[in-house]
Amino acid sequence: MARLDVGDRLASGFVGVVIGAVIGAAVAWWLGVYHAAIDVPDLRPVFVRWIGGTALGFGLVGFLFGPVVGTLLGEVITWLFRLEDRRYTESPIGISVLAILMLGVWYYVKYH
């Protein structure tokens, strides 16, 4: 892989921030719907933290690793859609990895 210059890193970081914020808003909305549907008090999402946290995380990945952020964003979006699609519930590895990631993000947002 060729060395990335600062412009490539900034562009990839910007893409990571923008799309990461959209993913954070989608996850926060999803948790809000889940919270409203079954009334779990611990799942009340704080939109600013979710949007800011995912934007910062994907922005950092984009800045550090460059165009790899596009692949990561695509995988996360695919996981989110597959989580909602019942045909893919037979894949325990993908669902368990996504559940562990979501649990880690939820724990971080709740206690920080």
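Preceding this paragraph is the structure being described.
Below is a short write-up of the structure. Values in this document were obtained by computation on a predicted structure and should not be read as measured data.

**Regarding the overall build of the protein**
So, point 1. When you go through the protein residue by residue, the secondary structure sums to 4 helices and 0 strands.
So, point 2. Put simply, the protein runs from its N terminus to its C terminus through helices and strands in the order α-α-α-α.
So, point 3. Counting all 112 residues of the protein, 23% fall into the buried class.
So, point 4. Contacts spanning at least 24 positions in sequence make up 67% of the contacts within the protein whose residues lie at least 6 apart.
So, point 5. Per element, the accessible surface of the protein, about 7,700 Å² overall, is 72% carbon and sulfur.

**What to know about the nonpolar core**
So, point 1. Formed by Ile23, Val27, Ala28, Leu31, Trp50, Phe58, Val69, Leu73, Val76, Leu80 and Met102, the largest nonpolar core amounts to 11 residues.
So, point 2. Breaking this core down by element, the ones donating at least two residues are helix H1 (6–38), helix H2 (47–65) and helix H3 (68–84).
So, point 3. Filtering out sequence-adjacent residues up to four positions away, Met102 remains in contact with Val27, Trp30 and Trp50.

**Examining H2**
So, point 1. The end-to-end C-alpha distance of H2 is 27 Å, a good match for the 27 Å that 19 residues give at a rise of 1.5 Å each.
So, point 2. Within H2 the residues assigned to the buried category are Trp50, Thr54, Ala55, Phe58, Gly59 and Gly62. When H2 is viewed along its axis, its buried side chains cluster within an angular range of 145° and face the same direction. Of the exposed residues in H2, the ones pointing more than 90 degrees away from its buried face are Val48 and Leu56.
So, point 3. A positive backbone phi angle near 75° is found at Gly66, which sits one or two residues after H2.

The rules behind each value
- Residues numbered from 1 in each chain as written.
- Predicted model: local features only at pLDDT ≥ 70, side-chain atom pairs only at ≥ 80, totals over all residues.
- Heavy atoms only, no water.
- Helix = DSSP H or I, 4+ residues; strand = E, 2+ residues; numbered from the N terminus.
- Buried < 20%, exposed > 50% of the residue type's maximum accessible area, 1.4 Å probe, protein only.
- Contact = heavy atoms within 4.5 Å.
- Areas by Shrake-Rupley, 256 points an atom, 1.4 Å probe, with all protein chains shown as cover.
- Core = buried A, V, L, I, M, F, W, Y, C linked by side-chain atoms within 4.5 Å.
- Expected span 1.5 Å × (residues − 1).
- Arc of directions from axis to C-beta.

Remember that the coordinates give geometry; whether it matters functionally is a separate question.
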